[in-house]
Amino acid sequence: MSTLGHLDVEAVRADFPALTRKVRNHRPLVYLDSGATSQKPVQVLDAVRSAYEQHNAAAHRGTHLLGEEATDLYEGARGKLASFLNADPGEIVFTKNATEAINLVAYALSGPGRLQVQPGDEILITEMEHHANLVPWQQLCERTGATLRWLDVTPEGRLDLDHLDSMITGRTRIVAVTHQSNVTGTIPPVAEIARAAHEKGSLVLADAAQSVPHQPVDVAALGVDFLAFSAHKMLGPYGIGVLFGRAELLEAMPPFLTGGSMIEVVRMEGSTFLPPPQRFEPGVPPIAEAAGLAAAVDYLNALGMSNVAAHEESLTAHALDALREIDGVRILGPDTTKDRGGAVAFEVDGVHPHDVGQVLDELGIAVRTGHHCAWPLHRALGVQASTRATFYVYNTHDEVDALAAGIRYAQRFFRAG
Ligand SMILES: Cc1ncc(COP(=O)(O)O)c(C=O)c1O
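Note that residues are indexed from 1 along each chain, following the sequence as it is written. For a predicted model such as this one, the threshold for reporting local features is a pLDDT of at least 70, and the threshold for listing and counting side-chain atom pairs is 80 or more; totals across whole chains, interfaces and linings nevertheless cover every residue. Values reported for side chains reflect all heavy atoms of the structure, with hydrogen atoms and water molecules removed beforehand.

## Focus on helix 5 (residues 135–144)
Heads up, the condition is: Buried means the residue's accessible area, taken with a 1.4 Å probe over protein chains only, is under 20% of the maximum for its type, while exposed means over 50%, and partly exposed covers the values in between. Secondary structure follows DSSP: runs of H or I at least 4 residues long count as helices, runs of E at least 2 residues long count as strands, and numbering of each begins at the N terminus. Relevant arc is that of directions from the helix axis to the C-beta atoms, nothing else. Residues count as neighbours in contact if any of their non-hydrogen atoms are within 4.5 Å of one another.
Within helix 5, burial applies to Pro136, Trp137, Leu140, Cys141 and Thr144. Seen end-on, helix 5 carries its buried residues on one side only, within an arc spanning 140°. Buried residues along helix 5 sit against helix 4 (98–108), strand 5 (122–126), strand 6 (147–151), strand 7 (172–178) and strand 8 (203–207). Following helix 5 by one or two positions, Gly145 has its phi on the positive side, about 80°.

Structural data, given as structure tokens:
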């Protein structure tokens, strides 16, 4: 199948050099691991290369033409990200990745200022979180004497919202929740959670590492205070991520990392800091990475985020159908595409996930195996580990069929099922 409903997938695939590779006995690469990191199109690679070749200088520093161009590239990327999310450029902080963006908020909330978390305050997360949106909050609680609470997941892999109102109390300072699970694909009702949190005076952070690459995200419509994601999962380069923060909150936050480029006045006795977003971006910024991320946003905008979401929904529906038909395969998480994105984790009776992954790899099919940095979620679902396929703009229905055939082959190979 070449043209799939909403996207011209063959045209998309032609932009991704990695997808022309032959792997393991000259088999075509079937890349089903975009949840870990996406492949990169030539448009992004060209933007990174051109930034280094033509405009290489330290942004915000040089008083020369190249410095000006580097600054324009970097600030242009900020503007592009702001429009992509329906935010103001001053609300976009570039970080290293989603993990650093979440840590930035968790550290700011334990630093001095009106947002400082106090002993006895509460932080609410969920059992569904990636460790990046879990461990920083545990550490914040250790630093401040706050209590960590969490919403459970249902056996179907949805968030259990029955006790949402009682779990958010007058002492809850922030609710940190995933906007799309990297294991089950579950899309929790973040807007509803944000409304409930705000009613009790709590802040809300959405971990959007798995949502911004795959669906339209409007921070105003979601009503979140903070949102974090990484460029490398959305066709962009490694080493750059984004923290969206509401302007008045960023204004009230102390810096996380300190040094050059984020100061106003420095004396031996002490320093003052620039307003956001510069306050949170110490050191020479990642100009080429920002240019690559801007090119990734252009690429996704040209496809249309609704088309991206629709394409992945059709692949996910196909995968759920195909895997359900295989005896001995259990899908973790919702078994329909309602409020569910394109991450399909599963276990195969009698075959360890690493063995499934290895057999699939021999067939040229790249998937992820293990706990996918969501150990508590796996425990809650009663499994040690799983095999996970994740889909993106360049995947085809033929590749979903190849996955299903590969799983059957693994069962035969290990005489299971
Ligand atoms: C849901 C979720 N949150 C956070 C992260 C962390 O992203 P990064 O490693 O790019 O910081 C990931 C990465 O897999 C993720 O899937």
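## A short note on helix 12 (residues 353–362)
Since there are 3.6 residues in each turn of an α-helix, residues three or four apart along the chain are aligned in direction. If you check which residues of helix 12 are buried, you get Pro353, Val356, Gly357, Val359 and Leu360. The arc enclosing the buried residues of helix 12, seen along the axis, measures out at 165°, which places them on a common side. Among the structural elements, strand 14 (343–348), strand 15 (365–366), strand 16 (368–370), strand 17 (386–390) and helix 14 (397–413) are those in contact with the buried residues of helix 12. Positive phi appears at Gly364, one or two residues downstream of helix 12, with a value of about 90°.

## Quick word on the packing of helix 11 (residues 305–324) against helix 14
The condition is simple: Between N-to-C directions, angles span 0 to 180 degrees; the directions come from axes that are lines fitted to C-alpha atoms, helices contributing only their stretch in contact. Comment on the angle field: the value is read as roughly parallel under 35 degrees, roughly antiparallel over 145, roughly perpendicular from 65 to 115, and oblique elsewhere. Left-handed describes a crossing whose near helix is turned anticlockwise from the far helix by less than a right angle; the clockwise case is right-handed. Each residue is assigned to one class: nonpolar for Ala, Val, Leu, Ile, Met, Phe, Trp, Tyr, Cys and Pro, charged for Asp, Glu, Lys and Arg, and polar for all the others, Gly among them.
Orientation of helix 11 relative to helix 14, taken along the N-to-C sense of each, is 25°, at an axis distance of 10 Å. What the angle tells us is that helix 11 and helix 14 run roughly parallel. The chirality of how helix 11 crosses helix 14 is right-handed. Of the residues in helix 14, those in contact with Ser314, Leu315, His318, Ala319, Ala322 and Leu323 of helix 11 are His397, Val400, Asp401, Leu403, Ala404 and Ile407. Its residues assigned to classes, the contact of helix 11 with helix 14 shows 8 nonpolar, 3 polar and 1 charged.

## A word on the pairing of strand 7
Worth spelling out the cut-off: Two strands form a pair only when DSSP identifies at least two bridges running between them.
With 6 of 7 residues buried, strand 7 is to be regarded as a mostly interior element. Where strand 5 lies against strand 7, 3 bridges are found, and the strand directions are parallel. By the bridge assignment for strand 7, Ile123 is matched with Ile174. Direction of pairing for strand 7 relative to strand 8: parallel, over a ladder of 5 bridges. Among the inter-strand pairings, Ala176 is bridged to a residue of strand 8, identified as Leu205.

## Focus: the packing of aromatic side chains
For clarity, the cut-off: In this analysis, rings of Phe, Tyr and Trp, with Trp reduced to its six-membered ring, are considered paired at centre separations within 6.5 Å, and the interplanar angle assigns stacked below 30 degrees, edge-to-face beyond 60, and tilted for intermediate values. Consider the ring centre and the ring normal. A charge sits over the ring if Lys NZ or Arg CZ is within 6 Å of that centre and within 35 degrees of that normal.
What the rule picks out here adds up to 7 aromatic pairs. Considering the side-chain rings of Tyr392 and Tyr394, the 5.8 Å spacing of their centres and the 70° angle between planes classify their relative orientation as edge-to-face. Residue classification places Tyr394 among the buried residues on the basis of a relative accessible area of 0%. With centroids separated by 6.1 Å and ring planes inclined at 40°, the aromatic side chains of Tyr409 and Phe413 adopt a geometry described as tilted. Of this pair, Tyr409 and Phe413 both sit in helix 14, separated by 4 residues, roughly a single helical turn. Taking relative accessible area as the criterion, Tyr409 reaches 35% and is therefore assigned partly exposed. In this structure an aromatic cluster arises from ring pairing among Phe16, Tyr299, Tyr392 and Tyr394. Taking NZ or CZ as reference, Lys40 lies 4.5 Å from the ring centre of Tyr238, over its face. Taking NZ or CZ as reference, Arg143 lies 3.8 Å from the ring centre of Tyr107, over its face.

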